[in-house]
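# A structural walkthrough
This is what each chain is made of:
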Amino acid sequence: MAEAGKLRFHVPEPEVRPGGTPDFSNVPIPKAGSVPKPPIDVDPREIRDLAFSIIRVLDRAGEAVGPWAGMLSDEELLEGLRHMMTLRAFDARMQMAQRQGKTSFYMQHLGEEAVSCAFRRALDKGDMNFPTYRQAGLLIADDYPMVTMMNQIYSNEADPLKGRQLPIMYSSKEHGFFSISGNLATQYIQAVGWAMASAISGDTRIAAAWIGDGSTAESDFHSALVFASTYKAPVILNIVNNQWAISTFQGIARGGAGTFAARGLGFGIPALRVDGNDYLAVHAVAKWAAERARANLGPTLIEYVTYRAGAHSTSDDPSAYRPKAESEAWPLGDPVVRLKNHLIHRGVWSDERHAQAETEILETVITAQKEAESHGTLHAGGKPSIRDMFEGLYAEMPPHLKRQRQQAGI
Ligand SMILES: Cc1ncc(C[n+]2csc(CCOP(=O)(O)OP(=O)(O)O)c2C)c(N)n1
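Along each chain, residue indices are assigned from 1 in the same order as the chain's sequence is written. A pLDDT threshold of at least 70 governs which residues receive local features in this predicted model, and a stricter bar of 80 or more applies before side-chain atom pairs are shown or counted, although totals over entire chains, interfaces and linings include all residues. Side-chain metrics rest on all non-hydrogen atoms present in the structure, leaving aside hydrogens and water.

If you check an unreviewed UniProt entry, the protein chain appears there as 2-oxoisovalerate dehydrogenase subunit alpha from Mesorhizobium retamae. UniProt positions are given in the numbering used here, feature names are shortened, and annotations may be inferred rather than shown by experiment. Reading the Sequence similarities (unreviewed entry) entry of the UniProt record for the protein chain gives the comment "Belongs to the BCKDHA family." We quote the UniProt Catalytic activity (unreviewed entry) comment for the protein chain here in full: "N(6)-[(R)-lipoyl]-L-lysyl-[protein] + 3-methyl-2-oxobutanoate + H(+) = N(6)-[(R)-S(8)-2-methylpropanoyldihydrolipoyl]-L-lysyl-[protein] + CO2".

Following this line, the structure appears as structure tokens:
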């Protein structure tokens, strides 16, 4: 037995720091197609292993293999590729717009496009997402107008949120996209409550909760799991493990033990891990979880294993805390390239068509950007009325707010 001596404080450290060689040898990657697909009414105890493996469909050759394959048509996959390419082009333009001072802030999805884009396809109209700031693919894949997204980013006169919100904190009830909040994890428990309400009222709609790896350390994450499991709420509990929470590596939130998915097991919630850079796998797993929720079988926890290839936000410089080439060393590759290769393998796509699509998508994004900018940007052109600042705080404006508005002379 070890000698009892002075206690030591333990702080988990990432494997590599800037200047070091990226090393993901500690991330076991199972072969595509190797993880079984259980029936949706499976006893969670029987699929314990799925919380420690990674469901993958696309293999290295670009072929779709195994029991989770074969759920999407050529057309659906081509559309999925277009969604991911659009999100990437949108990100690049808005990142640049921030550098040009047209907006104060932006956050990209680089490397994580498959997660939100493929997930959206597994939901029905009327279902409600409770997203973080890194799931704009839910909007893109639901054909939410890009111009409206840009208007919000520019806080201009056409901003549906009237300049009250930080850029990218979108909100669209119509598109099943709950208002984003800056306070991490709050939406997770709200999603469970929304799902409970849907069940209480005998509705058919389900909810999807979203959270990042870092934010699972927030207490709302744990509250959500208690309520979801107790009441078998029709909710999909998504964890996007992109390895980083700003400068903090995922081991800090996880404590070095198990996986994020494994957290569901202690609550009796079926938990799956999926290759977050595999459009087909993300969609298949999301569909499985959605079917479970709709069949009154309760919540499913899904961990998407991916990598945040870009900076955390326009206010962040990742070279200060991780090797520059780390994203290239990420063993699950790039979601756009992988779906592209699969479609080429299927014989419905080519490098030429891909290049042409890239040009067309960029033109569409630029056209939307021009239109949005005609309504104003951060420092130029139209702005929401200052009067709007006082609206919407209460259903009816109380006297003290009316007074303050008068004092402001507007
Ligand atoms: C309650 C709260 N604490 C801290 C922050 C500041 N903050 C914003 S994003 C972020 C990191 C979140 O990381 P993760 O959940 O892994 O998501 P990712 O950004 O990687 O998508 C932090 C700490 C915040 N917005 N809210």
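That shown, we press on.
### A look at the environment of Leu401
Summarising the element assignment, Leu401 is placed in helix H12 (residues 399-407). Type-normalised accessible area, obtained with a 1.4 Å probe on protein chains alone, sets the label of each residue: buried when under 20%, exposed when over 50%, and partly exposed for intermediate values. The buried category is assigned to Leu401, whose relative accessible area is 6%. Sequence spacing of Leu401 and Phe24 is 377 residues, and the spatial spacing of their C-alpha atoms is 55 Å. Other than its neighbours up to four places away in sequence, Leu401 contacts Phe390, Leu393 and Tyr394. Think of it this way: any DSSP run of H or I at least four residues long counts as a helix, any run of E at least two long counts as a strand, and we number them from the N terminus. Note on contacts: a residue pair is in contact if any heavy atoms of the two residues lie within 4.5 Å.

### Side note on the side chain of Thr377
Along the chain, the position of Thr377 falls in the loop between helix H11 (351-373) and H12. When neighbours within four sequence positions are excluded, Thr377 is seen to be in contact with Lys102, Tyr154, Asn156 and Lys383.

### Focus: the sheet that holds strand E3 (residues 235-241)
In space, the five strands of this open sheet follow the order E1-E2-E3-E7-E6, with parallel pairing throughout. Looking along the sheet, the strands with just one partner apiece sit at the ends: strand E1 (128-130) and strand E6 (271-275). Sheet twist, expressed as the average angle between the axes of neighbouring strands with direction ignored, equals 20°. For helices, the fitted axis covers only the stretch in contact; all axes are lines through C-alpha atoms, and the angles between them, taken along N-to-C directions, range from 0 to 180 degrees. Along the sheet face, helix H2 (residues 113-122) touches E1, strand E2 (207-212), E3 and strand E7 (300-305) and points at about 175° away from the line of E2. Any two strands with at least two DSSP-identified bridges between them are counted as paired.

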